[in-house]
Amino acid sequence: MSVLIVGSIALDDIKTPAAEHPDLLGGSASYASVAAAFFSPVNLVGIVGEDFPKDHIELLSDRRIDLAGLQVVPGKTFRWSGEYMPDMNTRETRSVALNVFETFTPTLPEHYKSAPFVLLANIAPDLQHHVLDQVVGPRFVVADTMDLWINIAKESLVRLLGRVDMLILNDGEAKQLTGETNLVKAAKAILALGPEFVAIKKGEHGCLLFGKNGEFFSCPAYPLEDIHDPTGAGDTFAGGLVGVLAREGSDEPVDFAALRRAVVFGTVLASYNVEAFSLERLKTVDAAQIGDRSRTLRRMSQFDAD
Ligand code: AMP
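What counts, and where the lines are drawn
- Residues numbered from 1 in each chain as written.
- Predicted model: local features only at pLDDT ≥ 70, side-chain atom pairs only at ≥ 80, totals over all residues.
- Heavy atoms only, no water.
- Near = heavy atom within 4 Å.
- Polar contact = N/O pair within 3.5 Å; in protein donor to acceptor, adjacent residues only side chain to side chain.
- Areas by Shrake-Rupley, 256 points an atom, 1.4 Å probe, with all protein chains shown as cover.
- Nonpolar A, V, L, I, M, F, W, Y, C, P; charged D, E, K, R; others polar.
- Axes fitted to C-alpha atoms, helices over the stretch in contact; angles between N-to-C directions.
- Helix = DSSP H or I, 4+ residues; strand = E, 2+ residues; numbered from the N terminus.
- Left-handed = near helix turned anticlockwise from the far one by under 90°.
- Contact = heavy atoms within 4.5 Å.
- Phe/Tyr/Trp six-rings, centres within 6.5 Å; stacked < 30°, edge-to-face > 60°.
- Buried < 20%, exposed > 50% of the residue type's maximum accessible area, 1.4 Å probe, protein only.
- Salt bridge = Lys/Arg side-chain N within 4 Å of Asp/Glu carboxyl O.

1. Description of the site of the ligand
Inference 1: Residues in contact with the ligand amount to 18 residues; listed here are only the nearest, Ser8, Asp12, Gly27, Gly232 and Asp235.
Inference 2: With respect to the ligand, the backbone of Gly234 contributes an N or O atom lying 3.4 Å from an oxygen atom.
Inference 3: One nitrogen or oxygen atom from the side chain of Asp235 is found 2.7 Å from an oxygen atom belonging to the ligand.
Inference 4: Protein contact buries 89% of the 500 Å² of open area that the ligand shows by itself.
Inference 5: Residues that form the shell around the ligand fall into these classes: eight nonpolar, seven polar and three charged.

Encoded structure:
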């Protein structure tokens, strides 16, 4: 089954304690689409300017990513610049240039509208609403967000929560959104706003998954010695997760067991992503490596293992 993904497609300038690289392929939809395409076909919706390099388009089109919903318009591609502190967890946004994003109206090609799985990757909540308005009877809708939208578009974001099945956000965002300082309380407050499930990411400390019926799952992060660039880890996690759900897709509603499996694969893909800048590592990883790391992650989480 296919996944519809809408989000940002960007040119990023990234500085980490180890290195600095300009003009990298970035954006929530780029990471999420490449991650999801390991598991299922993707219908991508986004916008770039005429300056967007052909190589980047090829990287996406060489995979199972349908680009019929990619608008290439006069003007410059969205640009974002970030710098990581020595702990690699703290990040500061250096600059943002919306460019072609300022006039973006996501329009779904006809054949995208029946996609059963939808990932509203990080993008303004009003645009996420606009995509949902065009989709016909989706089976499972996942939304991602960021602190910026909680600050400047909270009303729209809260309204969106009444329209999605699952929200993915990080621990700081969960606290910011709900005003709670405890993550279990924050998860309950988010579930009360609408979604059936919420995943709260804790960076190098893994991820907590909560369900409305009291279900709970904790997945550790894959332990890594060398992290080169954490950019896009969250988007990769979300894309991998939804891709796995779509691959497993049946007529039954998505259940917690399927979500647990999806969280494990999302975590594995995110661990590969942070091993290099941009999508450099993701584009070389293969199914055998994904399988190996997911088995290791499962083994290391067993309390009763030898
Ligand atoms: P993450 O590290 O998962 O938070 O995602 C980083 C990616 O998000 C970068 O590649 C950026 O281009 C993209 N990004 C940064 N700010 C925004 C924004 N305001 N809207 C959409 N995407 C953004």
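From this point, the discussion proceeds with the structure in view.
2. Considerations on the packing of helix α9 (residues 256–273) against helix α10 (residues 287–300)
Inference 1: Packing of α9 against α10 leaves a shortest axis separation of 9 Å and a crossing angle of 115 degrees. In terms of crossing hand, the pair formed by α9 and α10 is right-handed. Contacts from Val264, Phe265, Thr267, Val268, Leu269, Ser271 and Tyr272 of α9 reach α10 at Gln289, Ile290, Arg293, Ser294, Leu297 and Arg298.
Inference 2: Looking at the contact of α9 with α10 residue by residue, the classes come out as seven nonpolar, four polar and two charged.

3. A short note on the packing of aromatic side chains
Inference 1: Inspection of every chain in the model, using the stated rule, returns six aromatic pairs.
Inference 2: Between Phe39 and Phe265, the ring centres sit 5.6 Å apart and the planes meet at 65 degrees, which makes this aromatic pair edge-to-face. One end of the pair, Phe39, is in the loop between α1 (28–36) and β4 (42–49); the other, Phe265, is in helix α9, and 226 residues separate them in sequence. For the pair formed by Phe39 and Phe265, the shared burial category is buried.
Inference 3: Plain terms: the ring middles of Phe101 and Phe104 are 5.6 Å apart, the flat faces sit at 80 degrees to each other, and that makes the pair edge-to-face.
Inference 4: With relative accessibility at 5%, the residue Phe104 sits in the buried group.
Inference 5: Pairwise contacts between aromatic rings join Phe78, Phe101 and Phe104 into one cluster.

4. Structural notes on the pattern of salt bridges
Inference 1: One pass over the structure, following the stated rule, counts 13 salt bridges.
Inference 2: We note a salt bridge from Glu83 to Lys15, for which the minimum N-O separation is 4.0 Å. Taken together, the positions of Glu83 in strand β6 (residues 79–84) and Lys15 in strand β2 (residues 10–15) put the pair 68 residues apart, joining distant regions of the chain.
Inference 3: Judged by relative accessible area, Glu83 falls into the buried class, the value being 17%.
Inference 4: Ionic pairing is found between Glu275 and Arg293, a salt bridge with its closest N-O pair at 2.9 Å. On the criterion of sequence distance, the pair formed by Glu275 in the loop between α9 and α10 and Arg293 in helix α10 is long-range, its members being 18 residues apart.

5. Digging into the environment of Asn170
Inference 1: Mapped onto the fold, Asn170 is located in strand β10 (residues 166–170).
Inference 2: Judged by relative accessible area, which is 28%, Asn170 ranks as partly exposed.
Inference 3: In terms of polar contacts, Asn170 uses its side chain to reach the backbone amide nitrogen of Gly172, at 3.2 Å.

6. Some words on α1
Inference 1: Of all nine residues in α1, nine are buried, a share of seventy percent or more.
Inference 2: Where α1 is concerned, the buried positions are Ser28, Ala29, Ser30, Tyr31, Ala32, Ser33, Val34, Ala35 and Ala36.

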